[in-house]
Each structure stands twice: as structure tokens, then as C-alpha cells.
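Structural overview
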Amino acid sequence: MFSQPVRVGLVSATLVNDRRDDPLDATRGMYTSADLAVANRAFLSDPSFSRLLARNSSYHRLTRDYVLSRNSTFGWIYKYGVPEIPLPERFFAGGAVSHRGFP
């Protein structure tokens, strides 16, 4: 069922708040992003759902050579249509750099 082609039309908005001292090599500060997307028949989408993805990272200098960094991710999907949410639009644990090792 999940290998069938499906048309997904999304309207999305992203909010980013970057308070890091250096985006490439942060030693202090915070980075927060929130992405809200809505798929609906009005946007020519077959499934209807809402998706929220929020991320927050903080950086704290411990010593001259060490920085403590923390990352939190929150994802939420709500289906309000008949067809299921397509597989590429779902959230999965893992990733290319994790222990599970899939992209």
C-alpha cells in the first residue's frame, strides 16, 4: 500500500531563531527552528494531514577546549483525511549518521 504513488500538496512555514556565536563552530548560544506544514485537498493533495517539526540546540563552553552541546527534536503528525500518510512524509528514528544507519 505504501509503495503506490500519491500526490502531496503542502503549504509550509518555517520559523528560525539563531543566537549562536558562530554558525559553523558554535561555542555558546542557542538555535531553534519550527516547521509547520499542512496538506489538504485545497492544495491538490490526496492525503490530508498536518505536520510539526521543532528542533532546539544549545551550546555551552565548559573549558577553553570543550563545548557541551545538546540537541532536541520533536515531531507531530495529525491525519484528518481518509488516505494514510505517505511513507516519505512520516517520521522515523535513525538517519545516515545514527546507529541504525539508514537515510
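A brief report on the enclosed structure follows. Keep in mind that what you see is a predicted model, and the values were worked out from it rather than measured. (Residues numbered from 1 in each chain as written. Predicted model: local features only at pLDDT ≥ 70, side-chain atom pairs only at ≥ 80, totals over all residues. Heavy atoms only, no water.)

1. Some words on the pattern of salt bridges
Side chains bearing opposite charge may pair, as long as their charged atoms lie close to each other. Note the threshold: A pair is scored as a salt bridge if a Lys or Arg side-chain nitrogen falls within 4 Å of a carboxyl oxygen belonging to Asp or Glu. Helical segments are the DSSP runs of H or I of at least four residues, strand segments are the runs of E of at least two, and each set is numbered from the N terminus. Think of it in three bands: with a 1.4 Å probe and only protein chains considered, a residue is buried below 20% of the maximum accessible area for its type, exposed above 50%, and partly exposed in between.
Going through the model one piece at a time under the given rule, you end up with six salt bridges. Its salt-bridge partner being E89, residue R51 comes within 2.5 Å of it at the nearest N-O pair. Note that R51 is positioned in strand β3 (residues 49–61) and E89 in the segment after β4 (67–79), a separation of 38 residues in sequence. The pair formed by R51 and E89 is uniform in burial state, with each residue classed as buried.

2. Some thoughts on unusual backbone geometry
Across the chain, the bulk of peptide bonds are trans and the bulk of non-glycine residues have phi less than zero. The backbone of L44 shows a phi angle near 65°, a positive value even though the residue is not glycine. On the secondary structure map, L44 appears in the loop between β2 (29–39) and β3. The exposure class assigned to L44 is exposed, which follows from its relative accessible area of 59%.

3. Quick word on the pairing of β4
The line we're drawing: In short, DSSP must find at least two bridges between two strands for them to pair.
The pairing of β3 with β4 spans 13 bridges and is antiparallel. Along β4, the bridge assignment pairs Y59 with S69. Where β3 hands over to β4, the hairpin turn is made up of five residues, counted between the paired strands.

4. Here's the deal with the environment of W76
Inclusion rule: Whether two residues touch is decided by their heavy atoms; if any such pair falls within 4.5 Å, the residues are in contact.
Inspection of the secondary structure puts W76 in strand β4. Under the relative-accessibility criterion, W76 is labelled partly exposed at 41%. With 23 residues separating them along the chain, W76 and L53 place their C-alpha atoms 6.6 Å apart. In contact with W76, other than residues within four places in its own chain, are S50, R51, L52 and F91.

5. Things to note about the sheet that holds strand β1 (residues 10–18)
Convention followed: Angular values range over 0 to 180 degrees, each being the angle between N-to-C directions of two axes fitted as lines to C-alpha atoms, with helices fitted over their stretch in contact.
Taking strand neighbours across the sheet as the criterion, the four strands line up as β1-β2-β3-β4 in an open arrangement whose pairing is antiparallel. Strands with a single pairing partner mark the edges of an open sheet, and in this sheet they are β1 and β4. With direction set aside, neighbouring strand axes in the sheet form an average angle of 5°.

Purely geometric stuff here, so don't read any function into it on its own.
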